[in-house]
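Summary of structural features
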Amino acid sequence: MPNDPEKELQEFLASEPEWVQRALQKIPSKTWDETWKRWEERDRLSELRKQYEQLVCQVPGEWKKYRKRYKEELDFSTNFPPPKAKSGRKKNVEQAERIQTLHEAGKTSSEIQKILEAEGLNYSVNGVESYLKTRRRT
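Each chain carries its own residue numbering, running from 1 in the direction its sequence is written. Only residues with pLDDT of 70 or above have their local features reported here, since the model is predicted, and side-chain atom pairs are shown and tallied only from 80 upward, although totals for entire chains, interfaces and linings are computed over all residues. Excluding hydrogens and water, the side-chain values take into account all heavy atoms of the structure.

Describing the overall build of the protein chain
- Secondary structure elements follow DSSP: runs of H or I no shorter than four residues count as helices, runs of E no shorter than two count as strands, and numbering proceeds from the N terminus. Each helix and strand in the protein chain was counted, giving 8 helices and 0 strands.
- Along the protein chain, helices (α) and strands (β) appear in the sequence α-α-α-α-α-α-α-α when read from the amino end.
- With a 1.4 Å probe rolled over the protein chains alone, any residue whose accessible area is under 20% of its type maximum counts as buried; one over 50% counts as exposed, and the rest are partly exposed. The 138 residues of the protein chain split such that 25% are buried.
- In this analysis, two residues are considered to be in contact whenever any of their non-hydrogen atoms come within 4.5 Å of each other. Of the contacts formed within the protein chain by residues at least 6 apart in sequence, a portion of 45% connects residues at least 24 apart.
- Residue burial considers only the protein chains on display, and all accessible areas are found by Shrake-Rupley using a 1.4 Å probe. When the accessible surface of the protein chain is split by element, carbon and sulfur atoms take 52% of a total near 11300 Å².

Next up, the structure:
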């Protein structure tokens with residue numbers, strides 16, 4: 001009679017150090033030292049993982065747990081949220097410079113607003129004046 005798959009799996013795991021067992025079972029590292037060991041021994045772990053997967057797939061309960069942890073690890077490593085954009089209004093430096101040059105040319109806010117409207121840009125008079133504020137950051 002062939003060996004019991006659960007017993008074979010336990011014997012295989014028992015022959016390895018605890019950190020290797022945790023790595024094969026996709027259990028997160030406890031310490032940075034363990035994480036470093038996993039990194040240094042990644043080639044060996046890759047070979048051991050193939051053997052482990054051949055044994056664990058014969059034990060349905062363990063196989064289900066292993067696949068769940070594998071999926072969680074995959075989701076964690078590939079689904080980092082993208083970096084957030086800076087909050088606040090986007091700077092329109094070119095538009096601010098254009099409004100400033102028109103103002104320096106002697107145009108009033110309402111005249112600047114009409115010029116911009118003719119160009120297809122819809123700014124209110126207050127919007128134009130907000131670009132002309134002296135406390136505006138450059």
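A closer look at the nonpolar core
- Here, the term nonpolar core denotes a set of buried Ala, Val, Leu, Ile, Met, Phe, Trp, Tyr and Cys residues that are joined through side-chain atoms within 4.5 Å. L9, F12, V20, L24 and Y52 are the most contacted members of the largest nonpolar core, which totals 14 residues.
- Elements supplying a minimum of two residues to this core: α1 (5-14), α2 (18-24) and α4 (42-56).
- The element that contributes the greatest number of residues to this core is α4, accounting for 5 residues.
- Among residues more than four places away in sequence, those in contact with Y52 are L9, F12, L13, L24, Q25 and Y66.
- With 9 residues, the next largest nonpolar core counts A96, I112, Y123 and V128 among its residues.

Notes on the environment of Y70
- Mapped onto the elements, Y70 comes out in helix α5 (residues 60-78).
- The sequence separation of Y70 and K26 amounts to 44 residues, and the corresponding C-alpha distance is 6.4 Å.

Description of the packing of aromatic side chains
- Stacked, tilted and edge-to-face are the three classes assigned to paired rings of Phe, Tyr and Trp, where Trp is represented by its six-membered ring and a pair needs centres within 6.5 Å; plane angles under 30 degrees give stacked, over 60 edge-to-face, the rest tilted. By the definition in use, this model includes 3 aromatic pairs.
- Between Y52 and Y66, the ring centres sit 5.6 Å apart and the planes meet at 65 degrees, which makes this aromatic pair edge-to-face. A residue pair is termed long-range when its members are at least 10 positions apart, and Y52 in helix α4 and Y66 in helix α5 qualify at 14 residues. In this structure, Y52 and Y66 share a single accessibility class: buried.

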